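# Chain and residue survey
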Amino acid sequence: MPCSLARRLQWGTVSTSPITEAAPLSLCARAPHVPADRLVAEMVPPPRFDSVRFETYVPDPNQPSQTEAVAVLSSFAAGLGGAHAVGTKRRWFAKKPAAAAGPRGVYLDGGYGVGKTHLLASLWHATPAEPALKAFGTFVELTNLVGALGFQQTVATLSDHRLLCIDEFELDDPGDTVLVSSLLRRLVEQGVALAATSNTLPGKLGEGRFAAADFLREIQGLSAHFRPLRIDGEDYRHRGLPEAPAPYSEEQVTKAAYATEGAALDDFPQLLDHLSRVHPSRYGALTDGVRAVCLTDVRPVPDQSTALRLVVLADRLYDREVPVLASGVPFDRLFSDEMLNGGYRKKYFRAISRLTALARDAKGLVAQ
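Residues numbered from 1 in each chain as written. Predicted model: local features only at pLDDT ≥ 70, side-chain atom pairs only at ≥ 80, totals over all residues. Heavy atoms only, no water.

## Some words on the overall build of the protein
The number of helices and strands found in the protein is 14 helices and eight strands. With 368 residues in all, the protein has 52% of them scored as buried. Only carbon and sulfur atoms are counted for the fraction: they give 54% of the accessible area of the protein, which is about 16,200 Å². (Helix = DSSP H or I, 4+ residues; strand = E, 2+ residues; numbered from the N terminus. Buried < 20%, exposed > 50% of the residue type's maximum accessible area, 1.4 Å probe, protein only. Areas by Shrake-Rupley, 256 points an atom, 1.4 Å probe, with all protein chains shown as cover.)

## Notes on the pairing of strand β2 (residues 134-138)
Summarising burial for β2: five of the five residues are buried, a large majority. Burial of the side chains of β2 extends over both faces: Lys 134, Phe 136 and Thr 138 are buried on one face and Ala 135 and Gly 137 on the other. Of the pairings in the sheet, the one linking β2 to strand β3 (residues 163-167) comprises five bridges and is parallel in character. In the sheet register, Phe 136 faces β3, and the bridge partner there is Cys 165. (Pairing = 2+ DSSP bridges.)

## Remarks on the nonpolar core
In summary, soluble globular proteins display a tendency toward joint burial of nonpolar side chains. Leu 119, Leu 123 and Phe 335 are the most contacted members of the largest nonpolar core, which totals 66 residues. Broken down by element, the residue count for this core peaks at eight residues, all from helix α12 (residues 304-319). When sequence neighbours within four positions are dropped, the list of residues in contact with Leu 119 reads Phe 54, Tyr 57, Ala 69, Val 70, Leu 73, Leu 108 and Ile 231. The next biggest cluster of nonpolar side chains, apart from the first, holds 24 residues, and it includes Val 34, Leu 158, Phe 169 and Val 188. (Core = buried A, V, L, I, M, F, W, Y, C linked by side-chain atoms within 4.5 Å. Contact = heavy atoms within 4.5 Å.)

## Brief notes about the sheet that holds strand β7 (residues 292-298)
Strand pairs in the sheet, formed through backbone hydrogen bonds, run parallel or antiparallel to each other. One open sheet accounts for three strands, arranged β6-β7-β8; its pairing is parallel. Two strands bound the open sheet, and with one partner strand each, they are β6 (263-267) and β8 (324-328). Shown here is a sheet whose adjacent strand axes are inclined to one another by a mean of 15 degrees, direction ignored. Sheet topology places β6 next to β7; five bridges connect them, and they run parallel. By the bridge assignment, Leu 265 is partnered in β7 with Cys 294. Sheet strands touched by helix α10 (residues 268-275): β6 and β7. Its angle to β7, the strand with the most contacts, is close to 110 degrees. (Axes fitted to C-alpha atoms, helices over the stretch in contact; angles between N-to-C directions.)

## A short note on the pairing of β7
Judged by how many residues are buried, β7 sits mostly within the fold: six of seven residues are covered. Inspection of the sheet shows β7 paired to β8 by four bridges, in the parallel sense. Looking at the pairing, Val 293 lines up with Val 324 of β8. Since β7 and β8 lie parallel, the crossover through α12 that links them has a hand, and here it is right-handed. (Right-handed = clockwise from strand over helix to strand, strands pointing away.)

## Structural notes on α10
Inspection of α10 places Phe 268, Leu 271, Leu 272, His 274 and Leu 275 among the buried residues, and these make up the whole buried set. Down the axis of α10, the sector holding all buried residues measures 160 degrees, keeping them to one side. (Arc of directions from axis to C-beta.)

## So, the environment of Val 44
Positionally, Val 44 belongs in the loop between α2 (36-41) and α3 (64-78). Considering only alpha carbons, one finds Val 44 and Lys 134, 90 residues apart in sequence, at a separation of 7.7 Å. With residues near it in sequence (within four places) discarded, Val 44 still touches Trp 124 and Phe 136.

## Description of the packing of α12 against helix α14 (residues 345-361)
Where α12 contacts α14, the two axes come as close as 9 Å, and the packing angle between them is 45 degrees. It follows from the interaxial angle that α12 and α14 lie oblique. In this structure, the crossing between α12 and α14 has a hand that is left-handed. The residues of α14 that touch α12, namely those facing Gln 304, Ala 307, Leu 308, Val 311, Ala 314, Asp 315, Leu 317, Tyr 318 and Asp 319, are Lys 347, Tyr 348, Arg 350, Ala 351, Arg 354, Leu 355, Ala 357 and Leu 358. (Parallel < 35°, antiparallel > 145°, perpendicular 65-115°, else oblique. Left-handed = near helix turned anticlockwise from the far one by under 90°.)

## Remarks on the environment of Leu 271
Its place among the elements puts Leu 271 in helix α10. Setting aside its immediate chain neighbours within four residues, Leu 271 contacts Leu 27, Cys 28, Asp 266, Leu 295 and Leu 313.

## A closer look at the side chain of Asp 60
Mapped onto the fold, Asp 60 is located in the loop between α2 and α3. A polar side-chain atom of Asp 60 sits 2.9 Å from the main-chain amide nitrogen of Asn 62. (Polar contact = N/O pair within 3.5 Å; in protein donor to acceptor, adjacent residues only side chain to side chain.)

## Section: the confidence of the model for the protein
Here the protein averages 81 in pLDDT, while 77% of its residues score no lower than 70. In the predicted structure, residues 83-101 sits below a pLDDT of 50 and forms 32 contacts with residues beyond four places in sequence or in another chain. pLDDT under 50 marks residues 200-210. Its contacts with residues more than four places away, or in other chains, come to 21 contacts. (pLDDT = per-residue confidence, 0-100.)

## Here we look at the side chain of Thr 143
Looking at the element boundaries, Thr 143 is found in helix α5 (residues 139-149). Overall, Thr 143 belongs to the buried group, its relative accessible area being 13%. Residues within four places of Thr 143 in sequence aside, it is in contact with Asp 176 and Val 180.

As C-alpha cells, then:
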C-alpha cells in the first residue's frame, strides 16, 4: 500500500469532521530531479532568513560578545566593496581585485541557537554586491555542489563571487573537510571573501576556543585567512519559551494533515526508507510547496546512515520554516545515547534543536 494511504483510509473510517477535498501530500511519493544550475541559483539565505539584518539581531545584554559580533561583521561587510561588487561578473582577462588588508574571512564560533546563522545571513545581505556575486549555503550543500559540478567547475563558478558564506561547517568528516579546504584555498586566491559558522558542543561551552581550534586546524593552510569570532549565549530557541509540545496522537496528526492545505502526511519509518533512495542534495526540492509535515509513528532512528539523512531533511525543513507535527516518541529521543556521544553528535544536537522549534511552530495545526 502506498506511503500514507493506510493512514488516510483509517482516518476516513473514524472521522465525522469536515476534511479538505484533496488528500494530503506525501513526501514518500516524490522523487525530484534537481539540475546543477538550480543548486547554484539557490545558494542564497533560506526563506527563514530573507528579512534578517544586523538591525534585527537582538543581542543578549548579558553576553557582550554578541554585540561585538554585530559591530565586527558590519565593518567586515562594509569592507567588501570593490570593482566586481556590483555590475557584471569579472571577465577572465580582468585584473583581480587587490587583496584586502587583514583576514579575508571570519569564523563565527559558538553554541546552538546563539544567532550565528542570523548574523551570517545579515552579512550576506549587508555585503555591497549583487546577489549573483554572493553565495550562501550549508557545508553539506557546498559539498553537494562540488559533487554535481565537479571540483574545477565549482571553482570557476564561485571564483567571481565577492563573498561565500558557509553555514554549519562540519568538522566530523575528514574527507569532505579537506575537499572544502582545497576549494576555499582556490577561491581565496581569486579574491573571494569567506565567512563560516560551526557549533560548539553543549558540553564544551566552557572550554574556550574548542570549536575554533578544531576549525582552524582542519582547514589547514587557510587559518591565516580567518578571524575567529566567539559568540556566547544560550539557545535562543529555548530562551524564555515553553517546552516543545509532547507528541500528539496518530488521529490528531492525521486530522490536522487533512485540515491543512499543502500538508504532507507520511509514516515516519516509511519516510526514512524513502530518504535512502533520494540524494540529500534533493531534500530541499522534496519539500517544494509543502506547508506542513505531519508524521505518524515517529520512533528512534535505527542506524547512523539513516540518522544523517534525517539531519539533512531537518535542516531543509528548518530553512523553509515548515512546521512538523508528529505522533510517536518525542524528538529528543530520535537518536541513541551512542549516537549523541559519537563523532556526529554536533549534527544530532542541531537536528533535535531545530525539530523541537518546528514542533513548537506546528502546535497551532491541532484543533483545540
